[in-house]
Amino acid sequence: MIDLEKLFRLRLVVARFGELDNAGWWNTKGQLGKLGASVLRRGFPRSYRFAQARSVFAVAAQRCDEVFNPPGCVTLWKLPDAVEEDFDAQWEHWLDRASDWNPFFEQIETLGDTDLIEILHRMDLATEADLEAYTGLRRSAEGRAVLLPGVYGGTNSDVALLALGFARGEPRALAVSYARRADA
């Protein structure tokens, strides 16, 4: 069973890291930063942080689909339907305790680091075992993808590796991490 809160945090970090004012992988600039917060706070006083997240998640998912969208696979933005349904169901619960999330959102507003691996490790989103597994990941020959070994098993480590795999990309050169589904 995937820890959905950890999945949310992983997606937030990768989404913020990939914005134009950081790695430049998708076409949002500071949407999860202070500027995005100040703009959306007026229209969504209770839920602006989650509005920020939804918009960047949608842009990141679309951009990853454009760059690399293999059939029968999962990515950080496209997990099995059951996981995505559980994630969406949890959203309302997180909204009910939106103020509890403010410290994390404030932390990612100004990442100020160009090392995604270090960020994920520092925020306790990647274990030592995850980091060890990351060392074996490689970009594909065309540079657009990073295949995880084996098949996707629906574990927290699988999700952490999907997030870590983005670190094989470079500024302005997105590499989408993915894993093959067992049922594909």
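Please refer to the structure higher up on the page.
If you're wondering where the values come from, they're calculated on a predicted model, not measured in any experiment.

Chemist: A description of the overall build of the protein should follow, citing residues and the corresponding values.
Modeler: Helices and strands together make up the secondary structure of the protein, namely eight helices and three strands. Along its sequence from the N terminus, the protein presents helices and strands in the succession α-α-α-β-α-α-α-α-β-α-β. Taking 16 Å as the expected radius of gyration for a compact globule of 184 residues, we find that the protein reaches 16 Å, a close match to that expectation. Each of the 184 residues in the protein was classed as buried or not, and the buried ones make up 49%. Long-range pairs, those at least 24 residues apart, make up 71% of the contacts in the protein with a sequence separation of at least 6. A total accessible area of about 8700 Å² is found for the protein, and carbon and sulfur atoms account for 50% of it. Here the protein holds 22 positive side-chain charges and 27 negative ones, and the gap between their average locations is 6 Å.

Chemist: How would you explain helix α3 (residues 48-67) if you had to name every residue and give the values?
Modeler: Between its terminal C-alpha atoms α3 stretches 29 Å, which fits the 28 Å expected from 20 residues at 1.5 Å a residue. Listed as buried for α3 are Y48, R49, F50, Q52, A53, V56, F57, A60, C64 and V67.

Chemist: Give me the lowdown on the side chain of E84, citing residues and values where you can.
Modeler: Locating E84 in the fold gives a position in helix α4 (residues 81-96). For E84, a relative accessible area of 17% corresponds to the buried category. Apart from residues no more than four positions distant in its own chain, E84 is found in contact with R11, W77, K78 and L79.

Chemist: Summarise the packing of helix α1 (residues 4-17) against helix α5 (residues 98-109); cite the residues concerned and give the values.
Modeler: As a packed pair, α1 and α5 sit with axes 10 Å apart at the nearest point and diverge in direction by 25 degrees. One way to sum up the angle between α1 and α5 is to call them roughly parallel. Handedness of the α1/α5 crossing: right-handed. Together, E5, F8, R9, L12, V13 and R16 of α1 and W101, F104, F105, I108 and E109 of α5 make up the contact between the two elements. Its residues placed into classes, the contact of α1 with α5 shows seven nonpolar, no polar and four charged.

Procedures and definitions
- Residues numbered from 1 in each chain as written.
- Predicted model: local features only at pLDDT ≥ 70, side-chain atom pairs only at ≥ 80, totals over all residues.
- Heavy atoms only, no water.
- Helix = DSSP H or I, 4+ residues; strand = E, 2+ residues; numbered from the N terminus.
- Rg over C-alpha atoms; globule rule 2.2 N^0.38 Å.
- Buried < 20%, exposed > 50% of the residue type's maximum accessible area, 1.4 Å probe, protein only.
- Contact = heavy atoms within 4.5 Å.
- Areas by Shrake-Rupley, 256 points an atom, 1.4 Å probe, with all protein chains shown as cover.
- Lys, Arg positive; Asp, Glu negative; His and termini not counted.
- Charge placed at Lys NZ, Arg CZ, Asp CG, Glu CD.
- Expected span 1.5 Å × (residues − 1).
- Axes fitted to C-alpha atoms, helices over the stretch in contact; angles between N-to-C directions.
- Parallel < 35°, antiparallel > 145°, perpendicular 65-115°, else oblique.
- Left-handed = near helix turned anticlockwise from the far one by under 90°.
- Nonpolar A, V, L, I, M, F, W, Y, C, P; charged D, E, K, R; others polar.

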